[in-house]
Structures are given as structure tokens and as C-alpha cells.
Amino acid sequence: MMTVNEVSKLTGVSVRTLQYYDKIGLLKPTSYTESGYRLYDDTALETLQQILLFRELEFSLKEIKKILSGADFDRNKALEQQITLLTMKKEHLENLILFARGIQMLGVTTMDFSVFDTKKMDEYAKRAKEQWGNTKEYKEMRQKAENRSQEEEMAVEMEFMKLFQDFGKLRGQKPESAKVQEHVKKLQDYITQNFYHCTDEILLTLGRMYAGGGEFTANIDQAGGTGTAEFAAKAIEIYSGRK
């Protein structure tokens with residue numbers, strides 16, 4: 001058995017996050033000490049591994065909970081998908097490193113942007129989500145997208161990114177300030193209106209994903225300036241914690 005602090009040190013997952021996983025029923029401790037401290041056995045740690053791997057597939061915590069608790073959950077099948085996607089990400093990063101080294105050594109001689117193409121990786125992640133993440137939120141998002149024209153879909157995406165441009169303009173204020181918190185509510189309402197019903201729990205998960213690195217963080221920082229994704233995530237965390 002390991003204490004919550006020992007699990008945190010071993011895995012890099014914060015104690016606060018483990019406590020949150022317990023609260024939402026995603027990862028329950030195996031037992032508790034007489035003093036009330038959480039204890040985890042090897043089975044619980046295996047479940048935590050699955051949670052972290054699904055996070056790499058950009059599943060929400062709600063989706064992961066549904067998958068892991070489902071009667072049809074196939075651990076080996078899930079691992080196959082996770083390995084495939086992680087391998088794609090690895091190859092993508094290696095290509096980007098080679099591309100950057102070429103620019104460093106030779107300078108930019110051609111306007112080649114093919115190295116930035118993530119369509120194959122994105123399509124695989126999409127198929128995996130469709131297979132495992134058959135949630136009402138995903139269905140709602142698909143239905144709303146299907147009812148929009150291509151021009152309308154582009155307008156929705158542009159307006160969505162404009163929300164992060166505005167987050168960037170607010171970075172001089174404290175994330176707990178009334179104006180910033182009002183903007184978080186505006187983001188939540190926009191997601192509900194145009195994608196799916198965005199609960200506080202889903203919003204919190206999105207915030208962590210925004211600041212989690214990779215394409216999401218890069219796109220948000222490009223829209224609002226460096227540090228915008230982290231600032232938005234902090235503001236969302238404060239907003240969700242007040243309810």
C-alpha cells in the first residue's frame with residue numbers, strides 16, 4: 001500500500017489531483033488509514049496508469065470514468081490504441097526537431113509546412129474517441145456541427161479563438177478578478193451554445209487541457225500571446241472552485 005503523497009511522488013500527479021479523482025469517483029483509494037489518509041494498492045496504480053494514458057488521447061475525465069467503469073472495457077485494446085497514438089506523436093515531434101535543426105543549420109530555403117500536418121494523428125484520435133467516447137456531449141457536438149455549413153463552422157471556430165484573444169488582453173489582471181471571471185463564464189456559455197453542455201466539471205477539465213502543452217496550448221498562446229493558455233486555465237480553476 002502507498003499513501004497519497006507516495007503515489008504523487010511516484011507518478012508526478014499532484015495530491016490535489018488525486019483527491020479530485022477520488023471526489024468524482026474516477027480513482028477511489030483502496031482503503032484509508034485510521035487517521036483518514038488515502039491508501040492505494042497496485043490495482044489502483046494500474047487504473048491510474050490507464051487514466052494518464054487516456055489523458056494523452058485527450059479524453060475528458062468524464063469520458064475516462066465512463067470507459068473504465070464500462071462492462072465492455074478491454075484493457076489490451078485500449079493499450080493498443082494508446083501505443084499507436086503515442087507513436088504517432090513521437091514521430092511527429094522527431095520530424096519537427098529535424099525540421100528545426102535544418103532551419104538552424106541551413107536557414108529557411110523553402111516554404112514547406114507539411115511537417116506541421118497532424119491530420120493523420122488527429123484522425124486516429126478522433127476514431128478512438130468515437131469508439132470509446134460515445135457520450136451525450138460528443139453526440140451533441142457532432143449534431144450541432146452537422147447542422148452548420150462550412151462557413152458557419154469556420155465562424156464558430158474563429159469566434160471561439162477570439163475568446164482566447166480576449167483572455168490574452170486580460171492577462172494584466174488577476175485571474176480571480178470579476179472581469180476575468182465574467183470572461184470565463186462567457187467561454188463556458190459559448191461552449192454550451194455551440195458545442196455541448198459545458199458543466200463546471202467539463203470546463204475544469206478543458207482548462208487543464210488548454211494548459212497541458214501541445215497543440216491546444218500553442219494555438220491559444222498564438223491567439224492571445226505567450227502565457228494565455230496558463231492564465232485561462234488558472235482563471236477556469238478559480239471559477240470552478242467557487243461553485
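Above this text sits the structure in question.
Once a new chain begins, its residue numbering starts again from 1 and follows that chain's sequence as written. Whole-chain, interface and lining totals are the exception, using all residues; otherwise, since this is a predicted model, local features are given only for residues with pLDDT of at least 70 and side-chain atom pairs are given and counted only at 80 or more. With hydrogens and water stripped out, all remaining heavy atoms of the structure feed into the side-chain values.

Structural notes on the packing of aromatic side chains
Link 1 in the chain: Aromatic pairing here means that ring centres of Phe, Tyr or Trp (its six-membered ring) are within 6.5 Å. Orientation follows from the plane angle: under 30 degrees is stacked, over 60 is edge-to-face, and everything else is tilted. Applying the stated criterion across every chain, the model contains six aromatic pairs.
Link 2 in the chain: Considering the side-chain rings of Phe164 and Tyr210, the 5.2 Å spacing of their centres and the 85 degrees angle between planes classify their relative orientation as edge-to-face. Of this pair, Phe164 sits in helix H8 (residues 150–169) while Tyr210 sits in helix H10 (residues 200–210), and the two are 46 residues apart along the sequence.
Link 3 in the chain: Classification of Phe164 as buried rests on a relative accessible area of 1%.
Link 4 in the chain: Buried residues are those whose accessible area, probed at 1.4 Å on protein chains only, stays under 20% of the maximum for their type, while exposed residues exceed 50% and partly exposed ones sit between those limits. Note on Tyr210: relative accessible area 3%, which makes it buried.
Link 5 in the chain: Aromatic rings pair up to connect Phe160, Phe164, Phe167, Tyr190, Phe195 and Tyr210 into one cluster.
Link 6 in the chain: One residue, Arg208, lies across the ring of Tyr20, its end atom 4.9 Å from the ring centre. Each helix is a run of H or I in the DSSP string that is no shorter than four residues. Each strand is a run of E no shorter than two, and both are numbered from the N terminus. For a Lys NZ or an Arg CZ to count as sitting over a ring, it must be within 6 Å of the ring centre and within 35 degrees of the ring normal.

Overview of the environment of Ile202
Link 1 in the chain: Looking at the secondary structure, you find Ile202 in helix H10.
Link 2 in the chain: Its relative accessible area of 7% is what places Ile202 among the buried residues.
Link 3 in the chain: For the pair formed by Ile202 and Gln188, sequence separation is 14 residues and the distance between their alpha carbons is 9.4 Å.

Describing the nonpolar core
Link 1 in the chain: Core analysis: the largest hydrophobic core is formed by 26 residues, its most contacted members being Phe160, Leu187, Ile191 and Tyr210.
Link 2 in the chain: Looking at this core element by element, the count peaks at six residues for helix H12 (residues 228–241).
Link 3 in the chain: Residue contacts are counted whenever heavy atoms from the two residues lie within 4.5 Å of one another. Those residues in contact with Tyr210 that lie beyond four places of it in its chain are Phe160, Phe164, Leu187, Ile191, Phe216, Thr217, Ile220, Ala229 and Ile236.
Link 4 in the chain: As used in this record, nonpolar core signifies buried Ala, Val, Leu, Ile, Met, Phe, Trp, Tyr and Cys residues forming a set joined through side-chain atoms within 4.5 Å. Val13, Leu18, Tyr21 and Ala44 belong to the second-largest nonpolar core, a separate cluster that totals 24 residues.

Details of the sheet that holds strand S1 (residues 2–3)
Link 1 in the chain: Spatially, three strands are ordered S1-S3-S2 in an open sheet, and the strand pairing comes out antiparallel. Edge positions in the sheet fall to S1 and strand S2 (31–32), since each of these pairs with one other strand and no more.
Link 2 in the chain: What makes two strands pair is DSSP finding at least two bridges between them. Two elements, S1 and strand S3 (residues 38–40), share two bridges in a ladder whose sense is antiparallel. Counted as the bridge partner of Thr3 is Leu39 from S3.

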